[in-house]
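Tertiary structure, described
Spelled out from the first residue to the last, the chains are:
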Number of protein chains: 2
Amino acid sequence: MQNAVLQIQVQDTLYVKDPTSSTIGKSILGHGLILLSEIGLEEFTFKKLAHKISSTESTIYRYFENKHQFLSYLFNFYWAWMDVNIAFAITNIDCPKERLKRIIRVLTQKVNNDIRTPFIDEEILQEVIALESSKTFLSKKVDEENKAGYFLQYKKLVDRISLIVVEINPTYAYPNALVSTILESSFHQRYFGIHLPRLTNEMHVQERLEDFLTDLCFKTLL
Amino acid sequence: MQNAVLQIQVQDTLYVKDPTSSTIGKSILGHGLILLSEIGLEEFTFKKLAHKISSTESTIYRYFENKHQFLSYLFNFYWAWMDVNIAFAITNIDCPKERLKRIIRVLTQKVNNDIRTPFIDEEILQEVIALESSKTFLSKKVDEENKAGYFLQYKKLVDRISLIVVEINPTYAYPNALVSTILESSFHQRYFGIHLPRLTNEMHVQERLEDFLTDLCFKTLL
DNA sequence: TTTAGATTGATAGTAATACTATTATTTTTG
DNA sequence: CAAAAATAATAGTATTACTATCAATCTAAA
């Protein structure tokens, strides 16, 4: 068994200088993520982060244009990492139904820190993405950022899962819509379960969320 | 036919001073909404709005604590208004399936300005809510704001529609989750259709969005 | 009709944010 | 070891997100 390092690649439009290329860059990623999870995007500033890592604002600005770009980097990192996870979960599974089931399981599971990515704690990343990811695309700059590849990893994953949906039911008219609905729901329903329970039905319980989404998918497709 | 004025009531925790109680308050609502639709929440400031309505920041602060509260006001206004619309759309309809169908139609339709609310243009409001509404609850202050009633109208509507879902299928375990998923999707899928088409399947076309959500609901429930 | 009370406008001010720029110092690497 | 690159330290600007004060105006009750 090798001591593998998992290289997650994101678009070079998502940084000024590649944060994985230096110690301080990795520190920005790791501690930036932690700070984000602690205080949320609105309160998050590069100044606070600089203080946390005993560095300066100007250094952080050499890696990321602004906090929105930093969030988008994490967003892409998360989905690229999820893509790897999902690919692993369905290798050697031929039946597309079983593959979709396993994907939904992976999507609704609470993740654990992946030691193959030393500077990012995926458990924290998942929390941050649940709360903040919608803010990456709900912006007036969405078209511009889309052109710059800010959503590439997410779109790739939706495409990949949609292909499986098409395998299950080639006549279904809305595979991508179904998949992106499932992905969005997997975050929002869990969040509602914790914070706005009246909007959902105990979706903070992993098995229920998994069952809800699996049921929704398969009833729709079969 | 009377020249009816539709009074939409929101929680008094959503303002410092009721904006509908004065001319300048209504101007803040109306022009604030327009400014929001023009530049988005991130760029929106009370200073810019004050300039637009030839008033001052201090005056606006007498009505709303900050722009987040202003957005939450609009959020509740929208769903309270939608509630009225939906109630109207299903009066005298006994069949719960038909009622749900009609609700989905209302939810996926592009709305027109309602002249019974003179200071708010619902067409613009719908655009703003589509882009910004998730930001009302995706915040570290969600629990605090939930207690203060920031999401009451939305929760009420979800409850109301869930009751119909239960009528259609009393054994279905996730009525509220299904309803909130439909509501969230009705905005996000349309948005994806316009800005991130790879995430969906032409959901900017109203009939397709309606069909997608109707199909999703009824296949899940029947 | 006066007058007190409430509302708005004008102005000022503060701490924080979101940067940019410059230069000195340290670290890396060839 | 020298040159180049990266980082730290410092300063500075325009804007944001407010709060405070006080004068002007408008409004409603005695």
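Described below are features of the structure shown in this document.

What counts as what
- Residues numbered from 1 in each chain as written.
- Chains lettered and ligands numbered in written order.
- Predicted model: local features only at pLDDT ≥ 70, side-chain atom pairs only at ≥ 80, totals over all residues.
- Heavy atoms only, no water.
- Near = heavy atom within 4 Å.
- Polar contact = N/O pair within 3.5 Å; in protein donor to acceptor, adjacent residues only side chain to side chain.
- Helix = DSSP H or I, 4+ residues; strand = E, 2+ residues; numbered from the N terminus.
- Nonpolar A, V, L, I, M, F, W, Y, C, P; charged D, E, K, R; others polar.
- Contact = heavy atoms within 4.5 Å.
- Buried area = accessible area lost by both parts, 1.4 Å probe.
- Salt bridge = Lys/Arg side-chain N within 4 Å of Asp/Glu carboxyl O.
- Phe/Tyr/Trp six-rings, centres within 6.5 Å; stacked < 30°, edge-to-face > 60°.
- Buried < 20%, exposed > 50% of the residue type's maximum accessible area, 1.4 Å probe, protein only.

**Some thoughts on the protein's contact with DNA strand D**
In the neighbourhood of DNA strand D, 17 residues make up the surrounding shell, with Ile24(A), Ser55(A), Thr59(A), Tyr63(A) and Asn66(B) lying closest. Take the atoms of DNA strand D that sit within 4 Å of the protein: sugar and phosphate atoms are 59% of them. Taking Lys17(A), its side chain carries an N or O atom lying 3.3 Å from a phosphate oxygen of DNA strand D. The contact in question runs from a phosphate oxygen of DNA strand D to an N or O atom on the side chain of Tyr63(A), over 3.0 Å. Taken together, the elements giving at least two residues each to the surface near DNA strand D come down to helix H3 (57-61) of chain A together with helix H3 (57-61) of chain B. When residues of the surface near DNA strand D are assigned to their parent elements, the largest contribution, three residues, is made by H3(B). Its residues placed into classes, the surface near DNA strand D shows three nonpolar, eight polar and six charged.

**Description of the interface of chain A and chain B**
Facing 52 residues of chain A, the contacting portion of chain B comprises 52 residues. The largest contributions to the chain A side of the interface with chain B come from Leu138(A), Tyr174(A) and Arg198(A), which together make up 17% of the buried area. For the pair chain A and chain B, the number of links is two salt bridges. The shortest N-O distance in the salt bridge between Arg198(A) and Asp159(B) comes to 2.6 Å. Taken together, the links from chain A to chain B amount to 34 residue pairs in polar contact (both at pLDDT 80 or more). Breaking the side of chain A that touches chain B down by element, the ones donating at least two residues are helix H1 (23-43), helix H6 (122-132), helix H7 (134-137), helix H8 (142-147), helix H9 (152-168), helix H10 (175-195) and helix H11 (206-221) of chain A. Grouping the constituent residues of the side of chain A that touches chain B by class yields 24 nonpolar, 15 polar and 13 charged.

**Some remarks on the packing of aromatic side chains**
All names here are of chain A. Inspection of the entire model under this criterion finds 34 aromatic pairs over all chains. For the ring pair Phe64 and Tyr73, a centre distance of 5.5 Å and an interplane angle of 75° mean the geometry is edge-to-face. You'll find Phe64 and Tyr73 in the same group, each marked buried. Between Tyr172 and Tyr174, the ring centres sit 5.9 Å apart and the planes meet at 90°, which makes this aromatic pair edge-to-face. You can call Tyr172 buried: its relative accessible area is 9%.

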